[in-house]
Amino acid sequence: MFPSDQRPEPTESDQVRELLPAASHLSARRLRDLLRIALRTGEFGSGRLPGEAELITHFQAPPDVVREALDLLRTDGLIERRRGLGTVAVRPEYVVSGAMPPAERPFDEYLRLGRMTPRLLHWAWSPAPRVVADQLDDTRVGDDCLCIEYVALADQDPIAVFTNYVRGPEAARLDQALFRRDFYALLYSGGVDLASCDVSLQAALADDYSADLLHVLPGEPVMLMHQRIHDRAGRVVDFALGTLRSELLMDIGRIPRIDITGSLPH
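A quick note: this is a predicted structure, and the numbers were derived from the prediction, not measured.

Draft legend 1. Region of interest: the overall build of the chain. Helix and strand counts for the chain stand at 10 helices and 10 strands. Here the chain holds 266 residues, and the buried ones make up 36% of them. Residue pairs at least 24 apart in sequence account for 59% of intrachain contacts in the chain once pairs closer than 6 positions are excluded. As displayed, the chain offers around 16,300 Å² of accessible surface, 51% of which is attributable to carbon and sulfur atoms.

Following this line, the structure appears as structure tokens:
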């Protein structure tokens, strides 16, 4: 025993061990993530999870790990226990592609989201502020651009709020009366030859305004999205800012390998 004033200082390894979760908690989190993907991919068919005994056998996991993983899913709001049904998934998920939809197919048919319609909030010409002019090609500060703000509905359920700034030449060809489905279809209707887009995502919490529009509680998790749409000449013709419900998952595949360390600032 050391006197109170002679105890050795904790080493860095001791401090790390205090911060790290116990192995059982790590196992529970791994199992939670596997169950979340299984729910998303339809592995459980109707959405009802197998009983604890079956999960213990299938994943070769101790009972306490399975119970903690299920508790984590409940905390995430993904499952709940219902009398007579067992443990079931309670939150739908919408998986969308990060790629541009083809011109000949509506966005909702392309992604199988359900019927896509917009709830138009704002449609007006406005001078481009610097942050927008810096994003749109061949656009100077004060040039006219079209600001279109809307709620994206899937089968009348709000899934995202978008504010789009369309470059003047393309915006002049858009007809508000034709904005009846998705935003890409609106651009195609104006003869905009779309080719690709850049997407940035960031986790956030819903503010009061977004929460009201998306039918979620203030402070619930959401995703913030920035998007730049390019035409076939490579010009950025639309700059969009969006707030997406956490049920909306963006699937971006076939990304080429890049040298992350080389691209980071020194």
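Picking up where we left off.
Draft legend 2. Looking closely at the pairing of strand β8 (residues 221-231). Summarising the sheet, strand β7 (residues 194-205) and β8 pair through 11 bridges and their orientation is antiparallel. Across the sheet, Leu201 pairs through a bridge with Met225, a residue of β8. Strand direction decides the pairing type here: β8 and strand β9 (residues 236-245), joined by nine bridges, are antiparallel. The residue bridging Met223 from the neighbouring strand is Leu244, located in β9. Between β8 and the antiparallel strand that follows it, β9, lie four residues; Gly234 among them carries a positive phi value of about 85 degrees.

Draft legend 3. Representation of the packing of helix α2 (residues 23-40) against helix α4 (residues 63-75). It is at 8 Å that the axes of α2 and α4 come closest, and there the two elements cross at 55 degrees. Accordingly, the angle class assigned to the pair α2 and α4 is oblique. Classified by chirality, the crossing of α4 by α2 is right-handed. Contacts between α2 and α4 involve Ser24, His25, Ser27, Ala28, Arg29, Leu31, Arg32, Leu35 and Arg36 on the former and, on the latter, Asp64, Val65, Val66, Glu68, Ala69, Leu70, Leu72 and Leu73. Of the residues in the contact of α2 with α4, the class split is nine nonpolar, three polar and five charged.

Draft legend 4. Here's a closer look at the environment of Val236. Note on placement: Val236 falls in strand β9. Remark: the alpha-carbon pair of Val236 and Asp198, spanning 38 residues in sequence, is separated by 9.6 Å. In this structure Val236 touches Gln135, Leu136, Asp137, Arg167, Arg228, Ile229 and His230, once residues within four positions along its chain are discounted.

Draft legend 5. Layout of α4. Between its first and last C-alpha, α4 extends 18 Å over 13 residues, near the 18 Å set by a 1.5 Å rise per residue. The set of residues buried in α4 consists of Val65, Val66, Ala69, Leu70 and Leu73. For α4, the arc enclosing every buried residue in end-on projection is 135 degrees, short of the 170-degree limit, so these residues lie on one face. Considering only its buried residues, α4 is in contact with α2, α3 (52-59) and β1 (79-82).

Draft legend 6. View of the side chain of Glu170. Of note, Glu170 is situated in helix α7 (residues 168-171). At a separation of 2.8 Å, a polar atom in the side chain of Glu170 contacts the side chain of Arg167.

Parameters at a glance
- Residues numbered from 1 in each chain as written.
- Predicted model: local features only at pLDDT ≥ 70, side-chain atom pairs only at ≥ 80, totals over all residues.
- Heavy atoms only, no water.
- Helix = DSSP H or I, 4+ residues; strand = E, 2+ residues; numbered from the N terminus.
- Buried < 20%, exposed > 50% of the residue type's maximum accessible area, 1.4 Å probe, protein only.
- Contact = heavy atoms within 4.5 Å.
- Areas by Shrake-Rupley, 256 points an atom, 1.4 Å probe, with all protein chains shown as cover.
- Pairing = 2+ DSSP bridges.
- Axes fitted to C-alpha atoms, helices over the stretch in contact; angles between N-to-C directions.
- Parallel < 35°, antiparallel > 145°, perpendicular 65-115°, else oblique.
- Left-handed = near helix turned anticlockwise from the far one by under 90°.
- Nonpolar A, V, L, I, M, F, W, Y, C, P; charged D, E, K, R; others polar.
- Expected span 1.5 Å × (residues − 1).
- Arc of directions from axis to C-beta.
- Polar contact = N/O pair within 3.5 Å; in protein donor to acceptor, adjacent residues only side chain to side chain.

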